[in-house]
Amino acid sequence: MKNPSEIKNKEKRQQVYAKLRAERTRTKLEEKKRRKKLEDANPELKDQRLKANIPRTIENTKEYQEAIVDNDDEVFADEDSDEFADFFSGARGAPKICVTTNMRPSKDMHVFAKEFAHLFPTAEVRKRGTFEIKKIIEFCKEREYTDLVVLHEDKKQDGPNAALFIHLPDGPTAYFKLSNIVLPQNIKGDRPSNHTPEVILNHFNTRLGHTIGRYFASLFPPVPEFMGRQVVTFHNQRDFIFVRRHRYVFESKEKCKLVELGPRFTMKLRWLQKGTFDSKHGDYEWSFAQKMETSRRKFFL
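Residues numbered from 1 in each chain as written. Predicted model: local features only at pLDDT ≥ 70, side-chain atom pairs only at ≥ 80, totals over all residues. Heavy atoms only, no water.

In this section: the packing of aromatic side chains. One pair of aromatic rings is described through two measures. These are the centre distance and the angle between the planes. Enumeration over the complete set of coordinates arrives at 21 aromatic pairs. Look at Tyr175 and Trp271: their rings are 5.5 Å apart centre to centre, the planes differ by 15°, and that puts the pair in the stacked class. Of this pair, Tyr175 sits in strand S5 (residues 173–182) while Trp271 sits in strand S10 (residues 264–273), and the two are 96 residues apart along the sequence. Relative to Phe288, the ring of Trp286 lies with its centre 6.4 Å away and its plane at 45°, an arrangement referred to as tilted. A relative accessible area of 15% places Trp286 in the buried class. Linked through ring pairs, Phe84, Phe112, Phe116, Phe120, Phe165, Phe176, Phe204, Tyr215, Phe216, Phe220, Phe234 and Phe265 together constitute an aromatic cluster. A cation over an aromatic ring shows up here: Lys96 above the ring of Tyr145, its NZ or CZ 4.7 Å from the ring centre. Residue placement shows Lys268 over the ring face of Phe240; its charged tip is 4.2 Å from the ring centre. (Phe/Tyr/Trp six-rings, centres within 6.5 Å; stacked < 30°, edge-to-face > 60°. Helix = DSSP H or I, 4+ residues; strand = E, 2+ residues; numbered from the N terminus. Buried < 20%, exposed > 50% of the residue type's maximum accessible area, 1.4 Å probe, protein only. Lys NZ or Arg CZ within 6 Å of the ring centre and 35° of its normal.)

So this is what it looks like as structure tokens:
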């Protein structure tokens, strides 16, 4: 049992703490009123305060990259002679894409390949059979395909986990890991139509990212069909590329909403190679290695 003196001392401490809390609350309230009075007279002070209170995130504190593209005349000059110049100049016309899979694909892979190809209006799925990639490349060149996409899956795991993009006839070749795949039938949305979608590319800011963004853009016909109200988004965040397809629906003259169509998946670039695919003697423009992750705030796209 506590003695009376201990109880009395505890009550005194509680009273002191209560007074301190009340004093701090009163001080904060007075400071808030004083600041509001100043900001009403000088609105720029409020803007400065809001900027100062922006939370620090990995994105807004990322390390500076010398390869960032910002009205870089040299980069834009390179576009006139890169592998995608024919497409953007209109000399080549609409893309023609062949989508295939690994040998002996699973049922899940067949379903994903079909949905993946439907993202691109001019893509078609062809069975792989037992042909090596080199032979498939020659097959596609003879039939004037502009791009070949080979989807892969790991037999130890269920479902697709990688995609190889080969731009024809001269490259480049990009290899991505796939994750977080959600098919349209598992999305509570709408079904897509065959209209050519608009394409949105977000945050491909470095020279490498600029190349990857141009690659994605070249996979779609250059003029979208706005009547379909469809949009495919490639959103880069921390070097993860989130792929989404939506339809925008006008509820009124002032309100518009997005309805997801699917499929939904995430891509992460592992390497970019000059020319068409060559696993032994390929010339790599960029290849990811674990030692490159020197900081959580360093990104490559």
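Structure's up, so let's keep going.
Once that is clear, we can look at the environment of Phe165. Looking at the element boundaries, Phe165 is found in strand S4 (residues 160–167). The exposure class of Phe165 is buried, given its relative accessible area of 2%. Counting along the chain gives 112 residues from Phe165 to Phe277, while the straight-line C-alpha distance between them is 9.0 Å. Residues within four places of Phe165 in sequence aside, it is in contact with Phe116, Leu148, Val149, Pro172, Thr173, Ala174, Phe176, Tyr215, Leu219 and Met267. (Contact = heavy atoms within 4.5 Å.)

A separate point is the pairing of strand S6 (residues 198–202). In this structure, S6 lies alongside strand S7 (residues 230–237), joined through 5 bridges in parallel fashion. Bridging across to S7, Ile200 finds its partner in Thr233. For the handedness criterion, the β-α-β arrangement of S6, helix H7 (residues 207–217) and S7 is classed as left-handed. (Pairing = 2+ DSSP bridges. Right-handed = clockwise from strand over helix to strand, strands pointing away.)

On to the pattern of salt bridges, then. Using the criterion set out here, one finds 8 salt bridges in the structure. We note a salt bridge from Glu124 to Arg126, for which the minimum N-O separation is 3.3 Å. For Glu124, a relative accessible area of 33% corresponds to the partly exposed category. Judged by its relative accessible area of 35%, Arg126 is partly exposed. Glu142 is paired through a salt bridge with Arg143; the nearest N and O atoms lie 3.5 Å apart. By relative accessible area, Glu142 is classed as exposed at 61%. Using a relative accessible area of 36% as the deciding quantity, one classes Arg143 as partly exposed. (Salt bridge = Lys/Arg side-chain N within 4 Å of Asp/Glu carboxyl O.)

As a further point, take helix H5 (residues 107–118). For H5, with 12 residues, the first-to-last C-alpha span of 17 Å sits near the 16 Å given by 1.5 Å per residue. Considered for burial, the residues of H5 that qualify are Met109, Phe112, Ala113, Glu115, Phe116 and Ala117. On the buried face of H5, the contacting elements are strand S1 (97–101), strand S2 (123–125), strand S3 (147–153), S4, S5 and S10. (Expected span 1.5 Å × (residues − 1).)

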